[in-house]
Amino acid sequence: MGTEKRRVFAAHPAERKHTILLDFLEQEQISKELRDGIEEYRKTYPTPPELLNRVPRPRYHYYGKEVWEAAVAAILCGENLLLAGSKATGKNVLAENLAQVFARPGWDVSFHVNMDAAGLIGMDTFENGQVTFRPGPIYLCARYGGFGVLDEINMAKNEALAVLHAALDFRRSIDVPGYDRVEVHPAARFIGTMNYGYAGTRELNEALTSRFAVIQVPAIDGGNLERLLTEEFPTLEKKYREQFVQLFLDLQKKCENAEISSKALDLRGMLDALRLIRKGLRAGAALDMGITNKAFDSYEQGLIRDVIAARIPEKLDRTRLFSD
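Residues numbered from 1 in each chain as written. Predicted model: local features only at pLDDT ≥ 70, side-chain atom pairs only at ≥ 80, totals over all residues. Heavy atoms only, no water.

Enquirer: What is the right way to read the overall build of the protein chain from this model?
Expert: Looking only at helices and strands, the protein chain features 16 helices and nine strands. For 324 residues, the compact-globule estimate of 2.2 N^0.38 gives 20 Å, and the C-alpha radius of gyration of the protein chain, at 22 Å, lies within 12% of that figure. By principal-axis analysis of the C-alpha atoms, the protein chain measures approximately 65 × 50 × 40 Å. Counting all 324 residues of the protein chain, 50% fall into the buried class. Here the analysis covers contacts within the protein chain between residues at least 6 apart in sequence; of these, 75% occur between residues at least 24 apart. As displayed, the protein chain offers around 16,000 Å² of accessible surface, 51% of which is attributable to carbon and sulfur atoms. Distance between charge centroids for the protein chain: 4 Å, based on 43 positive and 45 negative side chains. (Helix = DSSP H or I, 4+ residues; strand = E, 2+ residues; numbered from the N terminus. Rg over C-alpha atoms; globule rule 2.2 N^0.38 Å. Buried < 20%, exposed > 50% of the residue type's maximum accessible area, 1.4 Å probe, protein only. Contact = heavy atoms within 4.5 Å. Areas by Shrake-Rupley, 256 points an atom, 1.4 Å probe, with all protein chains shown as cover. Lys, Arg positive; Asp, Glu negative; His and termini not counted. Charge placed at Lys NZ, Arg CZ, Asp CG, Glu CD.)

Structure follows, in structure tokens:
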């Protein structure tokens, strides 16, 4: 379907976002076969109108042609995805982009120490004088053909993960104790994300890992980061845009060399700092809030400020940074 035709039919905000994202994939030179596969998937599994408001509307595009093609191909083949990589590589951004371009309702599951099987599948609750079943995110995703994002899956307890096995493999079903067996909708996919080296993380066992197609998500490079800043801050002066790109790459290198911790490697924090500067804060204060203060050790804060000062003047303000 041509670009102009797609725009005519994109009435709902979720549909408009889908059109924009498909245009973006075309610009990224994602293979036409895969783009046609996305369109065919959407025709085969139309989004229920009552769930259109659950289709994610990602703020950012994910940049990376090879990763995009690998992820789309896996989903079209019926695979679940495990996105693995270090901090600030855009794993959750990619997961949201995938749910949006395939126009699937999304359910997010953040794993933590208290997340158990009942929290995933559902539990009994007392309502209107009787016991009823309140479905959890995995149950709803399976039933309605959603994309379930399993965030920080390598922090989950074994008990919680065990209930996913039958949903993720060839059985594609969930047994709800005391109720019924739910068949996983053919459009449903589960996308796990995992960081390395965070407190509380561990290696996934083989039984679970074997149920995913695994993509190692690389760190964003300078070219793609500049594109992201250009898209998000179109009035940012070119010379400062380049300095912010280099600042992030400097922090990335310091983390790789173990000179500072990964706390300062916060792409969201840098974008937040730019918004704060645009609102009127000086660069020094904004970057403290967005990056430096994420580290709580005073010595490390000093090292981070030195890295920032080499690229961005502390007293830089919006009148010099932005052209609007």
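Enquirer: Is there a simple way to explain the packing of aromatic side chains in this structure?
Expert: Note on aromatic pairs: each is described by the distance of the centres and the angle between the planes. Across all of its chains, the model carries six aromatic pairs by this definition. Plain terms: the ring middles of Y41 and F102 are 4.8 Å apart, the flat faces sit at 75° to each other, and that makes the pair edge-to-face. Of this pair, Y41 sits in helix α3 (residues 32–44) while F102 sits in the loop between α5 (91–101) and β2 (106–110), and the two are 61 residues apart along the sequence. Summarising the aromatic geometry, the rings of W107 and Y144 are spaced 6.5 Å apart at their centres and angled 20° between planes, so their arrangement reads as stacked. (Phe/Tyr/Trp six-rings, centres within 6.5 Å; stacked < 30°, edge-to-face > 60°.)

Enquirer: Mind showing me how you'd approach the sheet that holds strand β1 (residues 81–84) here?
Expert: Sheet strands line up and pair through hydrogen bonds in the backbone, either parallel or antiparallel. The strand order across the open sheet formed by five strands is β2-β5-β8-β1-β9, and the pairing between neighbours is parallel. Of all the strands in the sheet, the pair left with one neighbour each is β2 and β9 (213–216). Within the sheet, the average angular offset between the axes of one strand and its neighbour, ignoring direction, is 20°. Set on the sheet, helix α7 (residues 137–144) makes contact with β2, β5 (147–151) and β8 (189–194); between it and β2 the angle comes to about 155°. (Pairing = 2+ DSSP bridges. Axes fitted to C-alpha atoms, helices over the stretch in contact; angles between N-to-C directions.)

Enquirer: Would you mind going over a nonpolar patch on the surface with me for this structure?
Expert: Nonpolar side chains collect at one region of the surface, where F126, V131 and Y179 lie side by side and expose about 360 Å² of accessible area between them. The residue F126 is located in strand β3 (residues 122–127) in this model. (Patch = residues over 30% accessible without salt bridge, like charges linked within 9 Å, V, L, I, M, F, W, Y side chains within 5 Å. Salt bridge = Lys/Arg side-chain N within 4 Å of Asp/Glu carboxyl O.)

Enquirer: Quick question: what am I supposed to make of α3 here?
Expert: With 13 residues, α3 extends 18 Å from end C-alpha to end C-alpha; this agrees with the ideal 18 Å at 1.5 Å per step. Turning to α3, its buried residues number three or more, namely L34, R35, G37, I38, E39, Y41 and R42. (Expected span 1.5 Å × (residues − 1).)

Enquirer: Before we go on, may I ask you to explain the packing of α3 against helix α4 (residues 65–76) in this structure?
Expert: A pair of packed helices is captured by two measures, namely the crossing angle of their axes and the spacing between those axes. Across the interface, α3 lies against α4 with an axial gap of 10 Å and an inter-helix angle of 40°. Put simply, α3 runs oblique to α4. As for the relative orientation of α3 and α4, their crossing is left-handed in sense. Contact with α3, carried on its side by L34, G37, I38 and Y41, involves E69, V72, A73 and L76 of α4 and no other residues of that element. (Parallel < 35°, antiparallel > 145°, perpendicular 65-115°, else oblique. Left-handed = near helix turned anticlockwise from the far one by under 90°.)

Enquirer: Would you take a moment to explain the side chain of N154 for this structure?
Expert: Take N154: it is sitting in the loop between β5 and α8 (158–162). Given a relative accessible area of 2%, N154 falls into the buried group. From its side chain, N154 meets the backbone oxygen of N195 in a polar contact 3.0 Å long. (Polar contact = N/O pair within 3.5 Å; in protein donor to acceptor, adjacent residues only side chain to side chain.)

Enquirer: What is the right way to read the nonpolar core from this model?
Expert: Across soluble globular proteins, you tend to see nonpolar side chains buried next to one another. By size, the foremost hydrophobic cluster in this structure holds 66 residues, and its most contacted members are W68, L98, F102, L225, L229, F244 and L321. The element contributing the most residues to this core is helix α12 (residues 238–256), with seven residues. Here F244 is in contact with L229, M270, L274, I277, L287, I312 and L321, once residues within four sequence places are set aside. If you look at the next biggest cluster of nonpolar residues, it comprises 32 residues, including M115, L120, L168 and L204. (Core = buried A, V, L, I, M, F, W, Y, C linked by side-chain atoms within 4.5 Å.)

Enquirer: Honestly, the environment of L120 in this entry has me stumped. Any pointers?
Expert: Following the sequence through the fold, L120 ends up in helix α6 (residues 117–121). A relative accessible area of 0% means that L120 is categorised as buried. For the pair L120 and S31, spaced 89 residues apart in sequence, the C-alpha to C-alpha distance is 36 Å. Discounting chain neighbours no more than four positions away, the residues touching L120 are V109, F111, M115, G136, P137, I138, Y139, A160 and V163.

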